[in-house]
Amino acid sequence: MFGTYLVRELSNRRKQTVIIAIGMALAIALVIVVNAVSAGVRNAQASVLESIYGVGTDITVSQPAAAPGEGDMAGPRFEFGADDGTTTDGTTEISQSRLMAGFGSTTFDASALETVLGVDNVAAATATLSLTNTSFSGELPDFTQMQGGGEGGDVMQAPPTGGADGAGGSAFDVNSFTVEGVDVAGTAVGPLTAATLSDGRAFTADDAGTNVVILDESYATSAELAVGDTTDIGGEDFEVIGIVSSTSADATTASNTYIPLDTAQALADLDGQVSTIYVQATSADAITQVQSDLEEALPDATVNTQADLASSVSGSLSTAGDLISSLGTWLSVIVLAAAFLIAILFTISGVARRTREFGTLKAIGWTNGRIVGQVAGESLVQGAIGGVIGVAVGLLGVLVVNRVAPTLSAGAASTAAVGPGGGPGGGFVGGPMAEQASATSEVTLQAPITLPIILIAVGLAIVGGLLAGAIGGWRAARLRPAEALRSVA
Amino acid sequence: MYLLKNVTKSYDQSKRRVTALSDVTLEIPTGQMVAIQGPTGGGKSTLLQMLGALERPTSGTVSLGDAELSSMADARLAGIRAKEIGFVFQGFNLIPTLTAQENVETALAPMRLSATERASRARKALESVGLGDRGNHRPAELSGGQQQRVAIARAIVKNPAVLLADEPTGNLDEETRDEIMELLEGLWRDQGLTLILVTHDSAVAKRAQRRLHIKQGKVTEKK
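All of these numbers come straight from a predicted model, not from anything done at the bench.

Asks: Any details on the pairing of strand S10 (residues 218–222) of chain B? Residues and values, ideally.
Replies: All names here are of chain B. The sheet contact formed by strand S9 (residues 210–215) and S10 spans five bridges and is antiparallel. Residue Leu-212 lies in a different strand from S10, and its bridge partner there is Glu-221. Joining the antiparallel neighbours S9 and S10 is a turn of two residues, in which Gln-216 adopts a positive phi near 50°.

Asks: Quick one: what's the story with the packing of helix H1 (residues 2–12) of chain A against helix H11 (residues 368–404) of chain A, residue by residue and with numbers?
Replies: All names here are of chain A. Packing of H1 against H11 brings their axes to within 10 Å, and their N-to-C directions diverge by 55°. By the angle between their axes, H1 is oblique relative to H11. Seen from above, H1 lies across H11 with right-handed handedness. From H1, Phe-2, Tyr-5, Leu-6, Glu-9 and Leu-10 reach across to H11, where they touch Gly-373, Gln-374, Gly-377, Glu-378, Val-381 and Gln-382. Looking at side-chain class alone, the contact of H1 with H11 contains five nonpolar, four polar and two charged residues.

Asks: I'd like a description of the UniProt feature "transmembrane region" (unreviewed entry) in chain A, backed by residues and values.
Replies: Following the UniProt record, the feature "transmembrane region" (unreviewed entry) maps to residues 18–41, 327–352, 380–401 and 449–471 of chain A here. Across residues 449–471 of chain A, the secondary structure splits into 91% helix and 0% strand, with the terminal C-alpha atoms separated by 33 Å.

Asks: How would you sum up helix H10 (residues 355–363) of chain A? Please name residues and give values.
Replies: All names here are of chain A. Of all nine residues making up H10, eight are buried, and the element is well covered by its neighbours. Those residues of H10 not exposed but buried are Thr-355, Glu-357, Phe-358, Gly-359, Thr-360, Leu-361, Lys-362 and Ala-363. Positive phi shows up at Gly-365, right after H10, with a value of about 110°.

Asks: Outline the sheet that holds strand S8 (residues 194–198) of chain B, listing residues and values.
Replies: Residues and elements named next belong to chain B. Pairing is mixed across the open sheet formed by six strands, whose spatial order is S6-S7-S8-S3-S9-S10. In the strand order of this sheet, the two ends are held by strand S6 (85–88) and S10, each with one partner. Taken pair by pair, the neighbouring strands of this sheet meet at an average axis angle of 20°, ignoring direction.

Asks: Let's hear about the pattern of salt bridges: which residues, and what values?
Replies: Tallying each qualifying case throughout the model produces 17 salt bridges over all chains. Across the pair B:Glu105 and B:Arg118 runs a salt bridge whose closest N-O atoms are separated by 3.3 Å. Of this pair, B:Glu105 sits in helix H3 (residues 100–106) while B:Arg118 sits in helix H4 (residues 115–128), and the two are 13 residues apart along the sequence. A single salt-bridge network, built from bridges that share partners, covers A:Glu9, A:Arg13, A:Arg354, A:Glu357 and A:Glu378.

Asks: Tell me about unusual backbone geometry, and name the residues and values.
Replies: Located in the positive-phi region is A:Asn121, a residue other than glycine, with phi close to 65°. Note that A:Asn121 resides in the loop between helix H3 (111–117) and strand S5 (122–141). By relative accessible area, which is 33% here, A:Asn121 ends up partly exposed. Phi at B:Phe92 takes a positive value of approximately 70°, unusual for a residue other than glycine.

What counts, and at which threshold
The numbers attached to residues start from 1 for each chain and follow its sequence in the written order. To read the labels, note that chains go from A and ligands from 1, taken in the order they are written. Given that the model is predicted, a residue must reach a pLDDT of at least 70 before its local features are reported, and side-chain atom pairs must reach 80 or more before they are shown or counted; all residues, however, enter totals for whole chains, interfaces and linings. Calculated side-chain values reflect all of the structure's heavy atoms, with hydrogen atoms and water omitted. We call two strands paired when DSSP finds no fewer than two bridges between them. Under the DSSP-based scheme used, a helix requires at least four consecutive residues in state H or I and a strand at least two consecutive residues in state E, with every element numbered from the N terminus. Every angle, taken between N-to-C directions, lies between 0 and 180 degrees, and every axis is a line fitted to C-alpha atoms, over only the stretch in contact when it is a helix. Relative orientations are named as follows: roughly parallel for angles under 35 degrees, roughly antiparallel for angles over 145 degrees, roughly perpendicular for angles from 65 to 115 degrees, and oblique for any other angle. Helix crossings fall into two classes, left-handed where the near helix is turned counterclockwise from the far one by less than a right angle and right-handed where it is turned clockwise. The contact definition used throughout considers only heavy atoms, calling two residues in contact when any of these lie within 4.5 Å. Residues are sorted three ways: Asp, Glu, Lys and Arg are charged, Ala, Val, Leu, Ile, Met, Phe, Trp, Tyr, Cys and Pro are nonpolar, and all the rest, Gly among them, are polar. UniProt positions are given in the numbering used here, feature names are shortened, and annotations may be inferred rather than shown by experiment. Burial classes: relative accessible area under 20% of the type maximum marks a residue as buried, over 50% as exposed, and values in between as partly exposed (1.4 Å probe, protein chains only). What makes a salt bridge here is a side-chain nitrogen of Lys or Arg within 4 Å of a carboxyl oxygen of Asp or Glu, nothing more.

Printed below as a string of structure tokens:
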């Protein structure tokens, strides 16, 4: 009887059922799309962060950059002696490279790593040294030849020769790339945990103190370097032993190059110094406690959790994240509330219109519970119809998003690394006053559909139906049979 | 048997107190056919609702057999209505979305019968009112007389002890009125029902064993 009556009522009130179902479907579809896109944005943020901070990093410890003092404005200084360079055909070629602490990062004593490892609930920690290799090379005219023209102005000076243009001119290139000094022993955390070895080999403990380098795949391609080649870092030759790429298809790794930590410290004249410590907590629940303990143990350090790091993601990915979390969420809430309201109002209006019907049913012995159940059942089915349509429309919406696959640019402010961008031919990047370095990458947004999202959406539709049914049923239950019949008479 | 003792029913209507029934004492033996007449607003429908366990008196008591209706909980009153009392309304009060068969089955819904048993009893009830072939028709597809027959089938399908009819022929023409009355009288006679009907129609009232007149809430016997 319940099912027959329910089906007959809903098919008789088709317009009302369609309106309620559409409202509910719209809301449910929005919830699904917003949730899926939101999860996609979170995944993209995590992907960007992982490419920089590595997999499994819960916390990073770094030192805030000190305010520049007087005279600190100068960038790397290259000094050449009179006999430096090689002169051929009136042109002197000079070249020099320097390795120094990464832009915007400050180094601190490596003993902090021991302090970190001594904190409760720290599962693993590793220290890195972020450096920037800047090379200066150029062509100058041979000044010794130019000075031989004569004195006193009575002899016509010979036209200048040599140099980059053959007429006494000069040309200079300034290139830079990032160098990350890492622990070659290998740890559970650190920037290389988010990288996959695509060629060559990874570091081993034997590489400590040697001039070996692992390159980021993008950097290796742009610098035309391969495993077995030699490259100059800080004025010394390094053998390329491996090429790594980011585990995220769309991101680069944290640095252009990776060298053993002790080698990096020695070359940069930063013995016993590190710039970032990557920390993994024993569990997600312990992160807050570890952060708090680290801040207490290292009062001068900046201690960031993944949540802090996530807020450092910028670019259109960040804009999309903000849009989803604010506009998307509120839009979903408003549409959901409107859908619930429509369902409730239609149900109440339906109960008012069926006063005589319910009065009659009560007169022939139907209990309040049975009538409430009937009204609630009708609303529940209306909500469920909306939910099913909403899930279908929502999945379609997510499919469209994934087909369009919008590409978002993401930048993550980092004290640990300077992203690619300072490759060969790249410009000269700042000095100590340079802005905090930023790793940027293009991320394709993929909105994942998960069972919990669908269950939540269907649950909301059922809650909406039940809410409308409960309110409508309560109104129906309050009708006294005699009054219900009298009101019609 | 119905027993009403000093029943008064008052309610507030537009800031004034209306007394629909005033100190009514009445006994209706089982199996009796009673017609209640009186002017509009005299208290006929209120009395019928009191007998039908749809209303509780403001004071006094209403008993049906051993059941004291005036102090019974709502759920138990619903149970009494479901098993003991059948209603027939002037406006038929059929559910427009359900077929004749399904309308009759609504009266069996509270009785926890199997779907087969429910359908079988509803079909027999429709046959007993001459509508065995109209079970699949919706109310809108039936004439007024046929709709009232469906309503009567719905009232009797649960084999009630009492059948209460509020102006059962009020919306019908004379010919149909007579058919319906013959049907009700036949059921009353064959099933031993207590039949209480409210009517304005003297021709209908004259068919009853006993006629009551109600005016300004006071009930009197009409010879």
